[in-house]
Each structure stands twice: as C-alpha cells, then as structure tokens.
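Spelled out, the chains give:
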Amino acid sequence: MAYPEQKDVFVAKLNKKQDGGVYVIDERVQLADGAYEGLLAHDNAINSTVKVFTGPKLTGQEITAWTLSTPAEMLWQRRIRIFAEAPAVFVSYETPGDQVEADDVNALQEALTATQTELERYKDDGLVDGGSFYEGE
C-alpha cells in the first residue's frame, strides 16, 4: 500500500556515544503466520548480543528459532528471521549507534515530495480555501 493510504514511519537514528558505550535496544516485531523477516530497526547491532523473547526486556519465553544475516551491500545492517508461535516477540540487542546512508536521505525526500503533492491535490480539490487548516483561525 502506497502513500497516502499508509503514512511514512521513520525510526529515530542513534548517534554514536562519545564514551564508546552502547545502546540497548528492545525492539517489538509482529509475526505473521508464525514468522517474521526484516531488518533490525538500528544499525551496527553486535551479533553476540542478539536475543529474542516473548516479553520485553528479556522476559517471557526465550525464542531460539531465529537467524541473523548481514546484507553484502550494507554491512552495518542486520536481517533477522524469526519463527515462533507468538503474535509478537521482542528482539534485544546492543548497538554503538546508527549509520546514516543515502537511502535514509532519499526516503525522507520521497516522503516530503509525497506530502507536498498531497497538499497541492488537497488545495486543488477545493478542500482548503487558501487559509488555515485549523477551524476558527
């Protein structure tokens, strides 16, 4: 489903910590028919720290039926495949921070262009009188 039926969602990027520390991520993922496949929300995940549980913060049942891979063209990303009889699970991992790449900037530009196009269509359809979007202003 494309815009405007589905809104764009962007995950806030994590800056590298100046003290060399790491962020601890607890990412909720929705399974469909007992499986999930996708990229982790944050880059540079430390492979040895990845764990999957049915509850947040390493609670519930540990899920061991999962695999982790690194895309050859983007070595900072991690793709995870999870197999479990649960509607959702939590992937916990550590990362020193994200890496911003051109694809991130391109996605923002595409979202902005789509929003501008939709606003122009909205105005052209006579749904806006050129004034405020808010009633009473």
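Calculation criteria
- Residues numbered from 1 in each chain as written.
- Predicted model: local features only at pLDDT ≥ 70, side-chain atom pairs only at ≥ 80, totals over all residues.
- Heavy atoms only, no water.
- Helix = DSSP H or I, 4+ residues; strand = E, 2+ residues; numbered from the N terminus.
- Buried < 20%, exposed > 50% of the residue type's maximum accessible area, 1.4 Å probe, protein only.
- Contact = heavy atoms within 4.5 Å.
- Areas by Shrake-Rupley, 256 points an atom, 1.4 Å probe, with all protein chains shown as cover.
- Phe/Tyr/Trp six-rings, centres within 6.5 Å; stacked < 30°, edge-to-face > 60°.
- Lys NZ or Arg CZ within 6 Å of the ring centre and 35° of its normal.
- Pairing = 2+ DSSP bridges.
- Axes fitted to C-alpha atoms, helices over the stretch in contact; angles between N-to-C directions.
- Expected span 1.5 Å × (residues − 1).
- Core = buried A, V, L, I, M, F, W, Y, C linked by side-chain atoms within 4.5 Å.
- Polar contact = N/O pair within 3.5 Å; in protein donor to acceptor, adjacent residues only side chain to side chain.

Student: So, the overall build of the chain: which residues are in play, and what are the values?
Tutor: Looking only at helices and strands, the chain has 1 helix and 7 strands in total. Start at the N end of the chain and walk to the C end: the helices and strands fall as β-β-β-β-β-β-β-α. Residues classed as buried in the chain amount to 29% of the 137 residues present. Contacts in the chain between residues at least 24 apart in sequence constitute 72% of all its contacts with a sequence separation of at least 6. For the chain, the exposed surface amounts to about 9,500 Å²; the carbon and sulfur share of it is 52%.

Student: Describe the packing of aromatic side chains, with residues and values.
Tutor: By the definition in use, this model includes 0 aromatic pairs. The ring of Tyr 23 has Lys 17 sitting right over it, with the charged end atom 4.6 Å from the ring centre.

Student: Break down the sheet that holds strand β3 (residues 51-55) for me, with residues and values.
Tutor: Spatially, β1-β7-β3-β4 is the arrangement adopted by the 4 strands of the open sheet, whose pairing is antiparallel. With one partner strand each, in any of the chains shown, β1 (23-30) and β4 (59-63) form the two edges of the open sheet. Averaged over all pairs of adjacent strands, the angle between strand axes in this sheet comes to 35 degrees, irrespective of strand direction. Pairing of β3 with β4 involves 3 bridges; the strand directions are antiparallel. Note on β4: the bridge partner recorded for Phe 53 is Glu 62.

Student: Would you mind going over the sheet that holds strand β6 (residues 79-83) in detail, with residue names and values included?
Tutor: Taken together, 3 strands build an open sheet; the order of strands is β2-β6-β5 and the sheet is antiparallel. Edge positions in the open sheet fall to β2 (35-39) and β5 (66-69), since each of these has one partner strand only. The sheet shows a mean angle of 10 degrees between the axes of neighbouring strands, direction not considered.

Student: Hey, could you go over helix α1 (residues 102-124) for me, with residue numbers and the actual values?
Tutor: Helix length check: α1, at 23 residues, gives a terminal C-alpha distance of 33 Å against a target of 33 Å (1.5 Å per residue), a fit within 8%. Taken residue by residue, α1 has Asp 104, Ala 111 and Glu 118 as its buried positions. At the exit of α1 stands Gly 126, carrying a positive phi of roughly 80 degrees.

Student: Just give me the short version of the nonpolar core, but keep the residues and values in it.
Tutor: Judged by nonpolar contacts, the single largest core of 16 residues is most densely connected at Val 52, Ile 80, Ile 82, Val 89, Val 91 and Tyr 93. The set of elements that each furnish at least two residues to this core consists of β1, β6 and β7 (88-95). Considering every element that reaches this core, the biggest residue donor is β7, with 3 residues. Residues within four places of Ile 80 in sequence aside, it is in contact with Tyr 36, Glu 37, Gly 38, Leu 40, Val 50, Val 52, Trp 66, Thr 67, Leu 68 and Val 91.

Student: An account of the pairing of β3 is needed here, citing residue identities and associated values.
Tutor: Bridging between β3 and β7 involves 3 bridges; their strand directions are antiparallel. Looking across to β7, one finds that Val 52 is bridged to Val 91. Counting the residues in the hairpin turn of β3 and β4 gives 3 residues, including Lys 57, whose phi is positive at 55 degrees.

Student: With reference to specific residues and values, describe the side chain of Thr 49.
Tutor: Tracing the backbone shows Thr 49 in the loop between β2 and β3. Accessibility expressed as a relative area gives 18% for Thr 49, which makes it buried. Side-chain polar atoms of Thr 49 contact the backbone nitrogen of Glu 94, separated by 2.9 Å. Sequence-distant contacts of Thr 49, that is, excluding residues within four places in its chain, are made with Ser 92, Tyr 93 and Glu 94.

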